Amino acid sequence: MDAKIYNEIIKEYENKRNKALDEAKKFKESVFEKSPELSKFEKEIASLTISSMKKNLTASKVEREIENQNLEIKVKEIQEKINEKIEKLGYKKEDFEPKFECEKCKDTGYNGKNKCSCLKQKILNRVYSQFYMENFDEECFHTFDFGYFSDKVNEEKYGSKKSPRENILEIKAISEKFCSSIENKKEKNLLFIGDTGLGKTFLSNCIAGEVIKGGYTAIYQTAPMLMDMITEYKTSFDKDSKVKEKYNQLFEVDLLIIDDLGTETNTDFKFMELLNIINTRIIKGKKIVISTNLSLQKLYNLYDARLTSRLIGNFNICKFFGEDVRIIKKRISV
Ligand SMILES: Nc1ncnc2c1ncn2[C@@H]1O[C@H](COP(=O)(O)OP(=O)(O)OP(=O)(O)O)[C@@H](O)[C@H]1O
Ligand SMILES: [Mg+2]
Ligand SMILES: [Zn+2]
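Residues numbered from 1 in each chain as written. Chains lettered and ligands numbered in written order. Predicted model: local features only at pLDDT ≥ 70, side-chain atom pairs only at ≥ 80, totals over all residues. Heavy atoms only, no water.

(A) View of the pairing of strand β5 (residues 255–261). Most of β5 is tucked away: 6 of the 7 residues are buried. Here 5 bridges tie β5 to strand β6 (residues 287–292), and the two strands are oriented parallel to one another. Along β6, the bridge assignment pairs Ile-258 with Ile-290. Following the backbone out of β5, through helix α10 (residues 268–284) and into the adjacent parallel β6, one traces a crossover that is right-handed. (Buried < 20%, exposed > 50% of the residue type's maximum accessible area, 1.4 Å probe, protein only. Helix = DSSP H or I, 4+ residues; strand = E, 2+ residues; numbered from the N terminus. Pairing = 2+ DSSP bridges. Right-handed = clockwise from strand over helix to strand, strands pointing away.)

The following block contains the structure:
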């Protein structure tokens, strides 16, 4: 990948890791300063360690081993006293631990030699300029509000015996199950079908946030963005590493979200590419979420049987219905 981008990200990791360590250190100092007893324990550990090091300088190997064991026991005893005292003061042991953004890699970006999923996602966000993927606080399962969906059945209008609320809660449950089954190759992909303002993008965001939180990677692209990117890759002569990596990630990323399918300007070439991505991912068992305003019939007319048969065979089709949430929100705010 682009070395400049990589170095910038690594620098960010160093900064946030140092900040977490520094804050933990400062917190500890502020507590220990206020307690003479705790300071005394700390000093005891320090002096024990120093004298043990001194002894070790002239000791034989066996003597060193014994010395180290003794030191370990003594330090552990004092540490226990420290913990007791801390508890008495009303703190928990965890209060003194650094608060890393990612507990898995402790904000180093690596687990051993492997890139942590958080670093992989950071790189994707940068490569795809998808900075909205850094924060899902607003659109996540916690902020999901079924209040926008009526609990009245209207079969005539929506062609369903379920109320919009029952329906959206069912789709939410399917989505949550999908998030916990990212690695399960038998779990179907998701196709969100429905009119505008019914929460398709909202739920895609809920899913993206949850999947990333679970330690996987995700790319979100609207169909037009995706097609432009693919065209750029296919038509560039010298495929520089950046464009190539971007393209390859469409096949590698754990979850690919394609929003607004059917709004892109279509050509045979683009369609074949889209089909290729969907096909390859299905074969690899890698997950896809697709959203569209078009019905299956319209998708069939716009593309053809090759796409629609794959959608029907490999996707769990979720039909959204109800009132446009954007309009409800506007009504509430005036
Ligand atoms: N379940 C929900 N809880 C809270 N807010 C919601 C929910 N569903 C949708 N919204 C809000 O309603 C608005 C419209 O939702 P969204 O953009 O997801 O619709 P959409 O189905 O993707 O529409 P379009 O087809 O036009 O892209 C957004 O502001 C979104 O935050
Ligand atoms: Mg949308
Ligand atoms: Zn991490």
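(B) Spatial organisation of the sheet that holds strand β3 (residues 189–194). Pairing within the open sheet is parallel, and its 5 strands lie in the order β4-β5-β6-β3-β7. Among the strands making up the open sheet, the edge pair consists of β4 (218–222) and β7 (315–320). Strand-to-strand, the axes of this sheet are offset by a mean angle of 15 degrees, without reference to chain direction. Of the strands in this sheet, β3, β5, β6 and β7 are in contact with helix α6 (residues 164–179), which crosses β7 at around 150 degrees. Across the sheet, helix α8 (residues 223–235) lies against β4 and β5, angled at about 100 degrees from β4, the strand it touches most. (Axes fitted to C-alpha atoms, helices over the stretch in contact; angles between N-to-C directions. Contact = heavy atoms within 4.5 Å.)

(C) How the structure looks around the nonpolar core. Leu-250, Ile-258, Leu-261, Leu-274, Ile-290 and Leu-307 are the most contacted members of the largest nonpolar core, which totals 39 residues. Counting residues per element, this core draws most heavily on α8, at 6 residues. When we break this core down by domain, the ones giving at least three residues each are domain 1 (3–96) and domain 2 (116–333). Among all residues touching Ile-290, those that are not within four sequence positions of it are Leu-190, Leu-191, Phe-192, Ile-258, Leu-261, Ile-278, Leu-311 and Phe-315. With 27 residues, the next largest nonpolar core counts Ile-168, Leu-190, Leu-198 and Ile-212 among its residues. (Core = buried A, V, L, I, M, F, W, Y, C linked by side-chain atoms within 4.5 Å. Domains from an automatic or database assignment.)

(D) Geometry of the coordination of the zinc ion (ligand 3). With distances of 2.2 to 2.3 Å, the protein atoms coordinating the zinc ion (ligand 3) are Cys-102 (SG), Cys-105 (SG), Cys-116 (SG) and Cys-118 (SG). For the zinc ion (ligand 3), the 4 donor atoms in the first shell make angles of 105 to 115 degrees at the metal, a pattern classed as tetrahedral. For the zinc ion (ligand 3), all donor residues lie on one chain, and their spacing in sequence is C-x2-C-x10-C-x1-C. Here Cys-102 is found in the loop between α3 (61–88) and β1 (110–111), whereas its partner Cys-116 is found in the loop between β2 (114–115) and α4 (117–127), with 14 residues between them in sequence. Its relative accessible area of 14% is what places Cys-102 among the buried residues. (Donors = N, O, S within 2.8 Å, 3.2 Å for Na, K, Ca; no water. Tetrahedral: all angles 85-135°; square planar, octahedral: opposite > 155°, others 65-115°.)

(E) Summary view of the site of ligand 1. In the neighbourhood of ligand 1, 18 residues make up the surrounding shell, with Glu-139, Thr-196, Lys-200, Thr-201 and Phe-202 lying closest. Here an oxygen atom of ligand 1 and a side-chain polar atom of Glu-139 are 2.5 Å apart. The backbone of Gly-199 places a nitrogen or oxygen atom 3.1 Å from an oxygen atom of ligand 1. Considered on its own, ligand 1 offers 630 Å² of accessible surface; in the complex 87% of this is hidden by protein. Elements with a contribution of two residues or more to the shell around ligand 1: α7 (200–213) and α13 (325–333). Residues that form the shell around ligand 1 fall into these classes: 6 nonpolar, 6 polar and 6 charged. (Near = heavy atom within 4 Å. Polar contact = N/O pair within 3.5 Å; in protein donor to acceptor, adjacent residues only side chain to side chain. Areas by Shrake-Rupley, 256 points an atom, 1.4 Å probe, with all protein chains shown as cover. Nonpolar A, V, L, I, M, F, W, Y, C, P; charged D, E, K, R; others polar.)

(F) Layout of the domain arrangement of the protein chain. Partitioning the protein chain into domains gives domain 1 (3–96) and domain 2 (116–333). Distance between the C-alpha centres of domain 1 and domain 2: 47 Å. Taken together, the contact pairs 8 residues of domain 1 with 6 residues of domain 2. Of the roughly 650 Å² buried between domain 1 and domain 2 on both sides combined, carbon and sulfur atoms contribute 67%. Three residues stand out in domain 1 for area buried against domain 2, namely Ile-5, Ile-9 and Tyr-13, and they jointly supply 65% of the buried area on that side. For Arg-126, the salt bridge identified is with Glu-8, shortest N-O distance 3.5 Å. Across the side of domain 1 that touches domain 2, the residue classes break down as 5 nonpolar, no polar and 3 charged. (Buried area = accessible area lost by both parts, 1.4 Å probe. Salt bridge = Lys/Arg side-chain N within 4 Å of Asp/Glu carboxyl O.)

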